[in-house]
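# Understanding the architecture of this molecule
Each chain, written out:
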Amino acid sequence: MALRKYTGLGALLALVAACGQSPDARPSFDGKYFRARVSAERDVRQNFFVTVQPVSASLDGAREAARYEAVKYCIKRYGSSDILWSAGPDETPTGYAIDGDAATFRGACASD
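All of the points below concern the structure found in this document.

## Remarks on the overall build of the protein
For the protein, the count of helices and strands is two helices and six strands. Taken from N to C terminus, the helices and strands of the protein fall in the order β-α-β-β-α-β-β-β. Per-residue burial for the protein yields a buried fraction of 39% across its 112 residues. Within the protein, residue pairs in contact and separated by at least 24 positions form 64% of the contacts whose partners lie at least 6 positions apart. Carbon and sulfur atoms provide 50% of the accessible area of the protein, an area that totals close to 6,500 Å².

## A word on the environment of Tyr73
Inspection of the secondary structure puts Tyr73 in helix 2 (residues 59-78). Judged by its relative accessible area of 14%, Tyr73 is buried. For the pair Tyr73 and Phe48, spaced 25 residues apart in sequence, the C-alpha to C-alpha distance is 9.0 Å. Setting aside its immediate chain neighbours within four residues, Tyr73 contacts Val38, Ala40, Arg45, Phe48 and Cys109.

## Quick notes on the state of the cysteines
The final tally for this structure, using the stated rule, is one disulfide. A disulfide bridge connects Cys74 with Cys109, and the sulfur atoms are separated by 2.0 Å. Judged by the sign of its S-S torsion, about -85°, the cystine formed by Cys74 and Cys109 is left-handed. Here Cys74 is found in helix 2, whereas its partner Cys109 is found in strand 6 (residues 102-109), with 35 residues between them in sequence. Owing to a relative accessible area of 3%, Cys109 belongs among the buried residues under this scheme.

## What to know about unusual backbone geometry
Residue Pro54 follows Gln53 across a cis peptide bond; omega there is 0°. With respect to the element layout, Pro54 can be found in the loop between strand 3 (47-53) and helix 2. You will see that Asp30, though not glycine, has its phi angle at about 55°, which is positive. Mapping Asp30 onto the fold places it in the loop between helix 1 (9-18) and strand 2 (35-40). For Asp30, a relative accessible area of 54% translates into the label exposed.

What counts, and where the lines are drawn
- Residues numbered from 1 in each chain as written.
- Predicted model: local features only at pLDDT ≥ 70, side-chain atom pairs only at ≥ 80, totals over all residues.
- Heavy atoms only, no water.
- Helix = DSSP H or I, 4+ residues; strand = E, 2+ residues; numbered from the N terminus.
- Buried < 20%, exposed > 50% of the residue type's maximum accessible area, 1.4 Å probe, protein only.
- Contact = heavy atoms within 4.5 Å.
- Areas by Shrake-Rupley, 256 points an atom, 1.4 Å probe, with all protein chains shown as cover.
- Disulfide = S-S within 2.5 Å.

Now the structure itself:
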């Protein structure tokens, strides 16, 4: 599967829009709230997985929640929202893993 580079513009705009919210405010996607967790590879922290649930609430919302968490991770760790997705939210559902009510996406923070 070819890697594709995305700038994460949609998620970056969501981050900017969330700046005026209180720290306790959780963003919603497609009108729903999702639990999303980023985990990085131990040896290469740029490579990460994002697991989002519940997918049953909204597949589109879960995909955007994954993008949002990935952009937050890359900005915090590397100062850039550029991501090379190997199994990203813009793929068809067969391009990333769905197990039960959780979807897992895979990418890498791009470095210049």
